[in-house]
Amino acid sequence: MSEKTIAAISTPLGAGGIAVIRISGDDAVKIADKCFKSYSGKSLLSLKGYTASYGQIVNNETVIDDGVALVFLSPKSYTGENVVEISVHGGRIVARDALRTVLDAGAVPAENGEFTKRAFLNGKLDLAAAESIMGIISAKNETALKISRNAKEGRISKEINSIIERLLEFSASMSVYADYPDEEIDGLNPISFGNSLGEISCSLKKLIDSYDTGKIIREGIDCCIVGKPNVGKSTLMNLLCGSDRSIVTDIAGTTRDIIESTVDIDGITLNISDTAGIRKTHDVVEMAGVNKSKKRLDTATLIFAVFDISRPFDNDDLELINSLENNSIILLNKSDLCNNSQIDLSVFKGRKTISISAKENSGIDELKKYISDFVNINNFSDNDAILVSERQRDCVQRAYNCIFDAKNTLEAGYTLDAVGVCVDDCLAALLELTGKRVTNEVSDEVFKRFCVGK
Ligand code: GDP
């Protein structure tokens, strides 16, 4: 139990159906009872856990609002402590005044993520599950939500704990070996031990790889549509967005700034930027737009380079082709006006091209398939254990390096003590991931990223 009772508004600030003030700590019910007067006349202190009471929040005789107080008694609550959640009408001022009332009654303001931190410290969830809560709150698409929900339900921890169990068995066998070096110990035969280390190393590698795909799914891919003026960039942007996000005209140079939008394509979030057409120009405003487009080209993860195949390619097209890297897909637009056999594809030097008509909505399924392949989404199952933070990835990478060293040490014929050191380091990295053996600094760092009230 923590000595201080904390409180915060746990819902977003602003107009809404309800706002919830969450209070947690030994004195949560006592503090809530000081400022919450139930219409039934019953004190909150007399309530069992999981009980709601309808009444008023009162600060020094002034009624702030009427609302519902929900009482949870330790250990059956989110934090594992006594918790009261008071729902008032949603609204910035009401919520603020209700929180002030609770603070006046003796609670202290909660820090970022402090409720979840207390849940972690009280063994309600491990660090990997705690981290996934941020992912649930900020999920941009269904797949991202599912990944974070699975992590919250313990998918990552289950995988890591099964590896930890195997490593603990090796550690135990190695301790026996240290005492009885002449005995043959189960599992420590060099061949089977080496195979087991190999299997663990594969599982860890799979987890490391899961992070990159998971990250793309959670955060989306930064995509940039580039090409000369009038090739159909804005038409493509609008088609992908399903709305008129960019202005479409026959007048070259209409899009002068970067237009951004987020779209969901088959479970993949694309953060798309439609850029000013890249061409040589003396117009100062257009030139500024062209320079911005070129910069965006450098930072985008995926580039849709659009070409108008109804006209001959010119130097501006060729310059763009030469500047493209491997993260670009060439879109041959206006295929409704002309087909590939009528154009010289050799200028694209064997790069992958897709014929589309942004105006007639054709070729877009092939583009979607290309995007799925780029993300490697088909080799990915949202039921797999998928690491959800850079910290988790770092822990698994360290564990992987240690197993690699353990395997090399074993194969080089060193004593089992030397292999044991690597196995112990691997264990330490994995126990840090789940939070079973973690420093305060690391866990503080995790919870600092949370919002207040979570
Ligand atoms: P941007 O300057 O590259 O953004 O080009 P826009 O999207 O504004 O399009 C320029 C012109 O080309 C407009 O008149 C569009 O209607 C037309 N356009 C765009 N895509 C296609 C297409 O696939 N087929 C045809 N026929 N016209 C298109």
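Residues numbered from 1 in each chain as written. Predicted model: local features only at pLDDT ≥ 70, side-chain atom pairs only at ≥ 80, totals over all residues. Heavy atoms only, no water.

### Considerations on the packing of aromatic side chains
Under the counting rule described, the total for this entry stands at nine aromatic pairs. Pairing Tyr50 with Phe72 gives two aromatic rings, centres 5.8 Å apart and planes at 85 degrees, and the pair type is edge-to-face. Highlighted residues: Tyr50 in the loop between β3 (36–38) and β4 (51–59) and Phe72 in strand β5 (residues 62–72), separated in sequence by 22 residues. Ring geometry for Phe307 against Phe348: centres 5.2 Å apart, planes inclined by 70 degrees, an arrangement best described as edge-to-face. In this pair, Phe307 sits in strand β11 (residues 302–308) while Phe348 sits in the loop between β12 (328–333) and β13 (353–355), placing the two residues 41 residues apart along the sequence. Here the aromatic cluster, defined as three or more aromatic residues joined through ring pairs, consists of Phe120, Phe447 and Phe450. Taking NZ or CZ as reference, Arg22 lies 5.2 Å from the ring centre of Phe115, over its face. (Phe/Tyr/Trp six-rings, centres within 6.5 Å; stacked < 30°, edge-to-face > 60°. Helix = DSSP H or I, 4+ residues; strand = E, 2+ residues; numbered from the N terminus. Lys NZ or Arg CZ within 6 Å of the ring centre and 35° of its normal.)

### Thoughts on the nonpolar core
Counting residues in hydrophobic clusters, the biggest one holds 70 residues, and the most contacted among them are Leu167, Phe193, Leu236, Leu270 and Phe304. Ranked by the residues each element gives to this core, the list is headed by helix α13 (residues 416–434), at 10 residues. Of the residues that make up this core, three or more belong to each of domain 2 (132–215 + 389–437) and domain 3 (220–379). In this structure, Val29, Cys35, Ala95 and Val102 belong to the second largest nonpolar core, which totals 25 residues. (Core = buried A, V, L, I, M, F, W, Y, C linked by side-chain atoms within 4.5 Å. Buried < 20%, exposed > 50% of the residue type's maximum accessible area, 1.4 Å probe, protein only. Domains from an automatic or database assignment.)

### Focus: the pairing of β12
Counting buried positions along β12 gives six out of six residues, so the element sits mostly inside the fold. Residues Ser328, Ile330 and Leu332 of β12 are buried on one face, and the alternating residues Ile329, Leu331 and Asn333, pointing to the opposite face, are buried as well. Strand direction decides the pairing type here: β11 and β12, joined by six bridges, are parallel. Note on β12: the bridge partner recorded for Asp308 is Asn333. Read as a crossover between parallel neighbours, the route from β11 over helix α10 (residues 315–323) to β12 is right-handed. Pairing analysis gives three bridges linking β12 to β13, with the strands arranged parallel. (Pairing = 2+ DSSP bridges. Right-handed = clockwise from strand over helix to strand, strands pointing away.)

### Section: the pattern of salt bridges
With the rule as written, the count across this model stands at 22 salt bridges. Notably, a salt bridge pairs Asp209 with Lys205, separated by 3.0 Å at the nearest N-O pair. Here Lys205 and Asp209 lie together in helix α7 (residues 190–219), a separation of four residues that amounts to about one turn. Note that Lys352 and Glu366 form a salt bridge whose closest N and O atoms lie 3.3 Å from each other. Within this pair, whereas Lys352 is found in the loop between β12 and β13, its partner Glu366 is found in helix α11 (residues 364–375), the two being separated by 14 residues in sequence. Within this structure, Glu81, Glu114 and Arg118 form a network of salt bridges that share partners. (Salt bridge = Lys/Arg side-chain N within 4 Å of Asp/Glu carboxyl O.)

### With respect to the side chain of Thr143
Among the secondary structure elements, Thr143 is positioned in helix α5 (residues 142–152). Dropping the residues within four chain positions of it, Thr143 is found in contact with Ile217, Gly267, Phe380 and Asp382. (Contact = heavy atoms within 4.5 Å.)

### Details of the confidence of the model for the chain
Any segment with low pLDDT has predicted coordinates that should not be analysed in fine detail. On average, residues of the chain score 88 in pLDDT, and 92% of them are at 70 or above. Mean pLDDT across the elements of the chain ranges from a minimum in helix α9 (residues 284–299), with 71, to a maximum in helix α1 (residues 28–35), with 98. (pLDDT = per-residue confidence, 0-100.)

### Quick look at unusual backbone geometry
Residue Pro75 follows Ser74 across a cis peptide bond; omega there is 5 degrees. Mapped onto the elements of the fold, Pro75 is located in the loop between β5 and β6 (83–90). With a phi close to 60 degrees, Tyr50 is a non-glycine residue in the positive phi region. By relative accessible area, which is 57% here, Tyr50 ends up exposed. Backbone geometry at Asn230 places phi at a positive 75 degrees, although glycine is not the residue there. Summarising the element assignment, Asn230 is placed in the loop between β8 (221–227) and α8 (233–241).

### Some remarks on the sheet that holds strand β2 (residues 16–24)
In sheet architecture, strand pairing relies on hydrogen bonds along the backbone and comes in two forms, parallel and antiparallel. Across the sheet, which stays open at both edges, the seven strands sit in the order β3-β4-β5-β6-β2-β1-β7 with mixed pairing between neighbours. Of all the strands in the sheet, the pair left with one neighbour each is β3 and β7 (108–109). When strand β1 (residues 6–9) meets β7, the two strands line up parallel, connected through two bridges. Note on β7: the bridge partner recorded for Ala7 is Pro109. Its contacts with the sheet place α1 against β2, β3, β4, β5 and β6, and it is angled at close to 75 degrees to β3. (Axes fitted to C-alpha atoms, helices over the stretch in contact; angles between N-to-C directions.)

### Observations regarding the sheet that holds β13
An order of β9-β10-β8-β11-β12-β13 is seen for the six strands of this open sheet, with the pairing classed as mixed. Looking at the sheet topology across the chains shown, the edges are occupied by β9 (259–265) and β13. Adjacent strand axes in the sheet meet at a mean angle of 25 degrees when their direction is disregarded. Both β8 and β11 contribute to a ladder of five bridges, which runs parallel. Note that in β11 the partner of Ile225 across the bridge is Phe304. Against the sheet, α8 makes contact with β8, β9, β10 (268–274), β11 and β12, and its axis sits at roughly 40 degrees relative to β9, the strand it touches most.

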